[in-house]
Each structure stands twice: as C-alpha cells, then as structure tokens.
Amino acid sequence: MTTEATATTGLSRSLQRLLARARAFDARRPRLWDATLTLLWTAAALVDAGGGWRNTAPDPSVPAWLVVTLSLGLSLPLYRRRRNPLAVLAVMACAALVSAASGAFLQAGYLQLIPLFHIALTRPPRALLWASALLVPPLLTGAVRFPRGSWDQHVVPTLWAYALVALLGVAVRSRKDHTAALVDRARRLEIERDQEVRLAAAAERTRIAREMHDIIGHNLSVITGLADGGRYAAAKNPERAAQALDAIGTTSREALAELRRLLGVLSDDDQAAARDPQPTLADLDTLITGVRKAGLPVRLDRDGSADHPLTPGAQLTVYRVVQEALTNVLKHAGEGAKATVLLTHAPQEVRAEITNTGPAVPAPPPSGQGQGLTGMRERAALYDGTLDTGPLPTGGWHVRLRLPREGSPS
C-alpha cells in the first residue's frame, strides 16, 4: 500500500471516529446538540448580516434592522427542526419570501435545506409536496422582481439543490429502516434461540429425571427384595443370606455406576461419559438375573430373528420399559408372583410384552405419582411406538411395547 493510500485510509478512519462521537453526543444530549448547531448557524447568519449580504443582494439599500430580523428568522427556528420540521420550514419560507421580495437575497435562505432534509428523513412522502409548496414561491418571487438573465438561472439550480437534499434524506431513511429491520430480525432470532435453549434444557431435565427414576427405582426395588430374602434366610441358611448380601453389593455398585454415567453427561467431560455405554438388548439377561436374585421368578422368551437390530436409542427404550415393568411387579405384585418377558422381532417392528401372574398391579394415581408409566409412554413416543398397559382378566398386569423399525411405517 502506498503512502498516499495509507494517508487516505487514516483520514477516513479519523472522520468515521469523529462522526461516531458526534452521533453518540447527539444521542446522549439531543437538546444541547440542537442548541449548539442552532447557535452556530445563527452566528453565521448574523456575520453575513453585518455587511456581507450586500455582495450578492440586488438591492443593497435594504434596512439593516430588516436584514438582521430576516437572518434570525432563517436561523433560530432550526432549534425545532427535528420535532416539527414542516412548521420550521414554513417560518423560514416566510422569511425567505420577504428576503427575495425586498432584494436582500440573504444567503441564510439556504438553511432551508436543513428542515427539508429532516422532512424527507422522518415524515411521509406527501410531506415533501407541502415542502415544495413552501420553497418554490420565494424562488419565483426573486426571479420575477429581480431578473438576472433568463429566469431559470435563478430557479433551476436551487431546485436541483432542494431535490438532491430530499433524495439524500430518503436514502438515509431507507438505510435506517433497513438497519432497524435487521436489528428487529436479530432480536426475534435471539428470542427464538433463547426459547429453543429453554425447551432443550427442559427436555434434557425430563430425560435425566426419567433415567434417574428408572435406575434408582429398579435397583432399590431389587435391593429391597434381596434384603427381605436375606433376612428370612439368615436364621435357617446363613449361606443364602451371604449370597443375598453379595447380590445387594453388586446391585448397589451397578446402580452407582449407572448414576455416575448419567451425571457424567452433565459434566464437561463428554469423552468420559461416552466411554460408558447405555444398556442395550444384550443386557436384558443381566437385568433379569438381578430381578431373579431379588426373589421374582422371571422367564425370558425371544421370538424371531434379530438380523436387523434396533438403534441404540430404541434398544435403551426397550430395556427401560422391561426394567420399569419388572420393578412395578417387585413393588406391587406381592408373594407368589411370576413374570414373563416376551421379546418379538418382526420384520417391521419389535414388540416387548411383560406380564405377571400374581395379583393385579394397581394403576398409579393420575397426579403426584406414576412417573414410571408416564416415562415409558414418553420413551415409546420418541420412536413412534406405542405402549399399552392394564390388568389381565385372570389377575396380574401386562405391559405391551411396540417399536417400529427405522424406515418402516409406524
């Protein structure tokens, strides 16, 4: 980059910083800014009224008091230019009309460009028609009373100046509207993004609560069953009691491991959480073995071929539904209950049916409890599946889960 280009870039940046500071000052103290600019233009108009106006006036004999009055009439109204620019222009146009009719032709008349710019910037387009009706009469009056060459030499250049200023105001207004639209769109997107984050957080909390319910509820039920069985066996068969205590320890450790995995998802160590896999259909045998140790006879039957396995998420759903159903049998079915788990692999779907032959498992109340059944239905719905629960005619309870395979109609 040449030295001249570097200097030009530095000057441009300096001007941008200066304009930014001016806009910031205007935003903080708008009235002080308006008063400052009005005083500056008034001082410039009065300087011209001190004698400079005669250099361009067709009639230099206009009284000084009238020149001063007209100069103030063309500058002081600028203080209200942003609040009511059309009224300001009307006052200034009257002073400009007197200036043109008297032959003073004060250069302060060009200050009418300032309220014209604000009209184009802030008012509806029809307001420019009223502005034109105010600006043209002084021009025509001066051209008729004090002609210089052809009449258009006095009128046309000034009209072009008015038109360019009006176009500049319209262009700045369009840019501001576009910027405001972009800001509004960005604000709406931010609000939508915040809502999505909140919904995602709520869904994650629900998922974690469901997982914790399944893990803690099932394992505590197993531990309770083992403890009850060990207490009865302690007096007659100490070896069976020791086995029950070993099973309690194993189940507790498994529950703690699952809780650590679940809570690890909430931490920043995603890799550590990913190394601990979620339960799958291959873990059903281990699950049922733990339930059997707790004192509930369970039979696991499989039907069909698992040549096309489910996704990990769908396998977890089947596992959790079986786990929750067996946990409910442990809690509510009482002594003498037996459970059967039938896992069916069909070409289009996978079905899991859990039944118990003991007394009917009571349905949970509609509010305050029943997170287990609600969680099972939510899990099934995530994979377009269905869940059916209810008492059996011969006593007991059934839970039927149906999950369609990926790519098959639900």
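One structure accompanies this document, and this report is about it. As the structure is a computational prediction, the values presented were derived from the model and not from experiment. (Residues numbered from 1 in each chain as written. Predicted model: local features only at pLDDT ≥ 70, side-chain atom pairs only at ≥ 80, totals over all residues. Heavy atoms only, no water.)

## Some points on the side chain of His118
Link 1 in the chain: Relative to the assigned elements, His118 resides in helix 5 (residues 113–122).
Link 2 in the chain: Taking the relative accessible area as the measure of exposure, His118 reaches 12% and is therefore buried.
Link 3 in the chain: Setting aside its immediate chain neighbours within four residues, His118 contacts Arg81, Arg82, Pro85 and Arg123. (Helix = DSSP H or I, 4+ residues; strand = E, 2+ residues; numbered from the N terminus. Buried < 20%, exposed > 50% of the residue type's maximum accessible area, 1.4 Å probe, protein only. Contact = heavy atoms within 4.5 Å.)

## Notes on the pattern of salt bridges
Link 1 in the chain: Applying the stated criterion across every chain, the model contains ten salt bridges.
Link 2 in the chain: The salt bridge partner of Glu349 is Arg351, with a shortest N-O separation of 2.6 Å.
Link 3 in the chain: Since its relative accessible area comes to 13%, Glu349 is described here as buried.
Link 4 in the chain: Between Arg400 and Glu353 there is a salt bridge, with the nearest N and O atoms lying 3.0 Å from each other. Here Arg400 is found in strand 5 (residues 397–404), whereas its partner Glu353 is found in strand 3 (residues 349–356), with 47 residues between them in sequence.
Link 5 in the chain: Judged by its relative accessible area of 35%, Arg400 falls in the partly exposed class.
Link 6 in the chain: It is possible to trace a salt-bridge network through shared partners that takes in Asp34, Arg81 and Arg82. (Salt bridge = Lys/Arg side-chain N within 4 Å of Asp/Glu carboxyl O.)

## Quick look at the packing of helix 5 against helix 6 (residues 126–145)
A pair of packed helices is characterised by two quantities: the angle between their axes and the separation of those axes.
Link 1 in the chain: Viewed as axis vectors pointing N to C, helix 5 and helix 6 meet at an angle of 165 degrees, and their least axial separation amounts to 9 Å. Here helix 5 is positioned roughly antiparallel relative to helix 6, judged by the angle of their axes. Viewed along their axes, helix 5 and helix 6 form a crossing whose handedness is left-handed. Along its contact with helix 5, which presents Leu116, Ile119 and Ala120, the element helix 6 presents Ala127, Leu128, Ala131 and Leu135.
Link 2 in the chain: Considered class by class, the residues forming the contact of helix 5 with helix 6 number seven nonpolar, no polar and no charged. (Axes fitted to C-alpha atoms, helices over the stretch in contact; angles between N-to-C directions. Parallel < 35°, antiparallel > 145°, perpendicular 65-115°, else oblique. Left-handed = near helix turned anticlockwise from the far one by under 90°. Nonpolar A, V, L, I, M, F, W, Y, C, P; charged D, E, K, R; others polar.)

## Section: the nonpolar core
Looking at soluble globular proteins, one finds that nonpolar side chains tend to be buried together.
Link 1 in the chain: Residues Val318 and Leu326 are the most contacted members of the largest nonpolar core, which totals 33 residues.
Link 2 in the chain: Contributions of two or more residues to this core are made by helix 10 (284–293), strand 1 (298–303), helix 11 (312–332), strand 2 (339–345), strand 3, helix 12 (371–382) and strand 5.
Link 3 in the chain: Per-element tally for this core: the top contributor is helix 11, with eight residues.
Link 4 in the chain: Counting 18 residues, the second-largest nonpolar core is a separate cluster that includes Ala49, Leu70, Leu78 and Leu106. (Core = buried A, V, L, I, M, F, W, Y, C linked by side-chain atoms within 4.5 Å.)

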